[in-house]
Amino acid sequence: MCIVRHLLVFLFHFTLGSLAQRFSNGYYYQDIVGHGNGKDNGEIYFHKIRLHVESPETLVSGVQGSNVTLPCHYHYVPALSTPRRTRVKWFWQPVNGQGQERDVMVAIGTRHRSYGDFKGRVRLRRNAPGDASLVINQLQSDDTGRYRCEIIDGLEDESVTVQLKFRGVVFPYYSAKGRYLMNFHEAQEACKKQGAHLASFEQLFIAWEEGLDWCNAGWLADGTAQYPVAVPREACGGTNLAPGVRSYGVRDKDLDRFDAFCFTSSIRGEVYFLQLPAKLNFTEAVLACQNDGGQIAKVGQLYTAWRFVGLDQCDAGWLADASVRYPIVHPRVNCGTSEPGVRSFGFPVKHLKFGVYCYKVRW
Ligand SMILES: *[C@@H]1O[C@H](CO)[C@@H](O)[C@H](O)[C@H]1NC(C)=O
Ligand SMILES: *[C@@H]1O[C@H](CO)[C@@H](O)[C@H](O)[C@H]1NC(C)=O
């Protein structure tokens, strides 16, 4: 937050030496407080100058490994004829607004410095005067959060906050053998096999904000076990607690066993339901996708297709982990619950017959 929010008075003539407190770039700056509203002695003209900091986009999303730009622009009203020397600072904070703000970078003129994990990966775009947009290269999953762009101009500082989201989707995952059977390492491995990795807390939190409701605790990348509850209910931690992400805290990575929350942001390639005259057992399903020039789809791929491509198919199909699921964007009768989502039949015995979802890399 802005600690000092001065209104500036801009003096074109410096005959008012006794009142002037600072001298910079040939202009006097003076607090307006207690000095009337602009005109003094009929000779000296005061002009209110305001520093405006804004962002045309306060929510930016990117995929892992990509470069993103967090927009931030500043200008003065009225416009200045001489550029002012401003300092640009970017801060980062986890998306839940908890925890201290950390420095990302600070820049004065062409000199800049970046900090911590951001070292060497961030720069200011500086496309035009007043452009203080932050460019982040090689986006990592823990880069998500709230970024604050602060412009400091001697007396005044103003800031704007831009949220960075990963373009991805969180999905709960449990072992084919049953519920609550994976230790941390197995959960990590299970997500990887689905074309995903363990979700960060920020990612689960955003998924919860978007409506994810899941009553079984799952491992997160930070070694905690948590679950998101949108509608408090008896079977799910009771009705006394508010909706939210409930945490069992940091658990023993070898001994404790939960499900997993996986996160996937890969959106290359295409997932499709293979149209065939007959249904298939699991072995046949794997082969059918290969014969079609693709591969049987992973759970993470089906989730991204559902979430980002709008794949909507009311047909149960095999996936690579031998689970059977189908994606619904527009809920309708006989296609599961009234909420959009990926429906799951769990892990049926492999000789049962279903359709199949395949995946092809798009060239
Ligand atoms: C990201 O930016 C770096 C440096 O500017 C560039 O070399 C790289 O190709 C960019 N990566 C992507 C995915 O655009
Ligand atoms: C699927 O059917 C084929 C015959 O088309 C059979 O050879 C195979 O063993 C079956 N697989 C399973 C898992 O039942």
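Keep in mind it's a predicted model, so treat the numbers as computed, not measured. (Residues numbered from 1 in each chain as written. Chains lettered and ligands numbered in written order. Predicted model: local features only at pLDDT ≥ 70, side-chain atom pairs only at ≥ 80, totals over all residues. Heavy atoms only, no water.)

A. Up close: helix H1 (residues 184–193). Within H1, the full set of buried residues consists of Phe-184, Ala-187, Ala-190 and Cys-191. Looking down the long axis of H1, one finds its buried residues gathered within 120° of arc, a one-sided arrangement. In H1, those exposed residues whose orientation departs by more than 90 degrees from the buried face are Lys-192 and Lys-193. Buried-residue contacts for H1 involve strand S16 (169–173), strand S17 (197–198), strand S18 (218–219) and strand S21 (259–264). Put simply, Asn-183 is the residue that caps the front of H1, since its side-chain oxygen is 3.0 Å from the backbone nitrogen of His-185. (Buried < 20%, exposed > 50% of the residue type's maximum accessible area, 1.4 Å probe, protein only. Helix = DSSP H or I, 4+ residues; strand = E, 2+ residues; numbered from the N terminus. Arc of directions from axis to C-beta. Contact = heavy atoms within 4.5 Å. Polar contact = N/O pair within 3.5 Å; in protein donor to acceptor, adjacent residues only side chain to side chain.)

B. Quick peek at the pattern of salt bridges. On inspection of all chains with the given rule, the structure shows 15 salt bridges. Between Arg-233 and Asp-213 there is a salt bridge, with the nearest N and O atoms lying 2.7 Å from each other. One end of the pair, Arg-233, is in the loop between strand S19 (224–229) and strand S20 (244–250); the other, Asp-213, is in the loop between helix H2 (201–209) and S18, with 20 residues separating them in the sequence. Because the salt bridges share partners, they merge into one network encompassing Glu-101, Arg-148 and Glu-150. (Salt bridge = Lys/Arg side-chain N within 4 Å of Asp/Glu carboxyl O.)

C. Just the state of the cysteines, in detail. Tallied over the full model, the rule gives five disulfides. Each disulfide pairs two cysteine sulfurs, and for Cys-72 the partner residue is Cys-149, the sulfurs being separated by 1.9 Å. Across the disulfide from Cys-72 to Cys-149, rotation about the S-S bond amounts to roughly -65°, and the bridge is consequently left-handed. Here the residue Cys-72 occupies a position in the loop between strand S7 (68–70) and strand S8 (73–77), and Cys-149 occupies one in strand S14 (residues 145–153), the gap between them amounting to 77 residues. Here Cys-72 and Cys-149 have matching classes, each one buried. Here Cys-215 engages in a disulfide with Cys-236; their sulfurs sit 2.0 Å apart. Of this pair, Cys-215 sits in the loop between H2 and S18 while Cys-236 sits in the loop between S19 and S20, and the two are 21 residues apart along the sequence. According to the relative accessible area criterion, Cys-215 is partly exposed, its value standing at 26%. (Disulfide = S-S within 2.5 Å.)

D. Just the site of ligand 2, in detail. In the vicinity of ligand 2, the contacting residues are Asn-281, Thr-283, Glu-284, Lys-350 and His-351. With respect to ligand 2, the side chain of Asn-281 contributes an N or O atom lying 2.3 Å from an oxygen atom. Side-chain polar atom of Glu-284 to an oxygen atom of ligand 2: 2.5 Å apart, as the coordinates give it. Out of a free accessible area of 370 Å², ligand 2 has 43% covered by protein chains. (Near = heavy atom within 4 Å. Areas by Shrake-Rupley, 256 points an atom, 1.4 Å probe, with all protein chains shown as cover.)

E. Layout of the confidence of the model for the protein chain. Chain-level pLDDT for the protein chain is 84 on average; 85% of the residues reach the 70-or-more range. Below a pLDDT of 50 lies the segment residues 1–46, which in the model reaches 80 contacts outside its immediate sequence neighbourhood of four places, other chains included. (pLDDT = per-residue confidence, 0-100.)

F. Summary view of helix H4 (residues 299–309). The buried fraction of H4 amounts to eight of the eleven residues, a majority that puts the element mostly inside the structure. Restricting attention to buried positions, one finds in H4 the residues Val-299, Gly-300, Gln-301, Leu-302, Tyr-303, Thr-304, Ala-305 and Trp-306. Structurally, H4 contributes buried residues whose contacts are with S16, S21, strand S22 (270–273), strand S25 (324–328), strand S26 (341–344) and strand S27 (355–360). In the segment just after H4, Gly-310 is the residue with positive phi, at about 75°.

G. Representation of unusual backbone geometry. Here the amide bond leading from Val-77 into Pro-78 is cis, since omega sits at -5°, within 30 degrees of zero. Assignment of secondary structure puts Pro-78 in the loop between S8 and strand S9 (87–93). The backbone phi angle of Tyr-180 is positive, close to 55°, even though this residue is not glycine. If you trace the backbone, Tyr-180 turns up in the loop between S16 and H1. Unlike most non-glycine residues, Asn-334 shows phi in positive territory, near 70°. The exposure class of Asn-334 is exposed, given its relative accessible area of 72%.

H. Region of the structure containing the nonpolar core. Residues Trp-90, Leu-134 and Tyr-147 are the most contacted members of the largest nonpolar core, which totals 92 residues. Residues contacting Leu-134, with those up to four places away along its chain left out, are Val-68, Thr-69, Leu-70, Trp-90, Val-104, Met-105, Val-122, Arg-123, Leu-124 and Tyr-147. (Core = buried A, V, L, I, M, F, W, Y, C linked by side-chain atoms within 4.5 Å.)

I. Quick look at the sheet that holds strand S6 (residues 59–62). Strand order in the open sheet formed by six strands is S6-S15-S14-S9-S10-S11, and the pairing between neighbours is mixed. Lying at the two open borders of the sheet, with one neighbouring strand each, are S6 and strand S11 (111–114). Neighbour to neighbour, the strand axes of the sheet diverge by 20° on average, direction disregarded. Where strand S10 (residues 102–108) lies against S11, four bridges are found, and the strand directions are antiparallel. Within S11, the position partnered with Ala-107 by the bridge is His-112. (Pairing = 2+ DSSP bridges. Axes fitted to C-alpha atoms, helices over the stretch in contact; angles between N-to-C directions.)

J. Representation of the packing of aromatic side chains within the structure. For the coordinates displayed, the defined rule picks out 16 aromatic pairs. On the numbers, 5.8 Å between centres and 80° between planes, the contact of Tyr-180 with Phe-258 is edge-to-face. Here Tyr-180, found in the loop between S16 and H1, pairs with Phe-258, found in the loop between S20 and S21; they are 78 residues apart in sequence, far enough to count as distant. Residue classification places Phe-258 among the buried positions, given a relative accessible area of 7%. Every member of this aromatic cluster is reached through a ring pair, and the members are Tyr-180, Phe-184, Trp-219, Tyr-227, Tyr-248 and Phe-258. (Phe/Tyr/Trp six-rings, centres within 6.5 Å; stacked < 30°, edge-to-face > 60°.)

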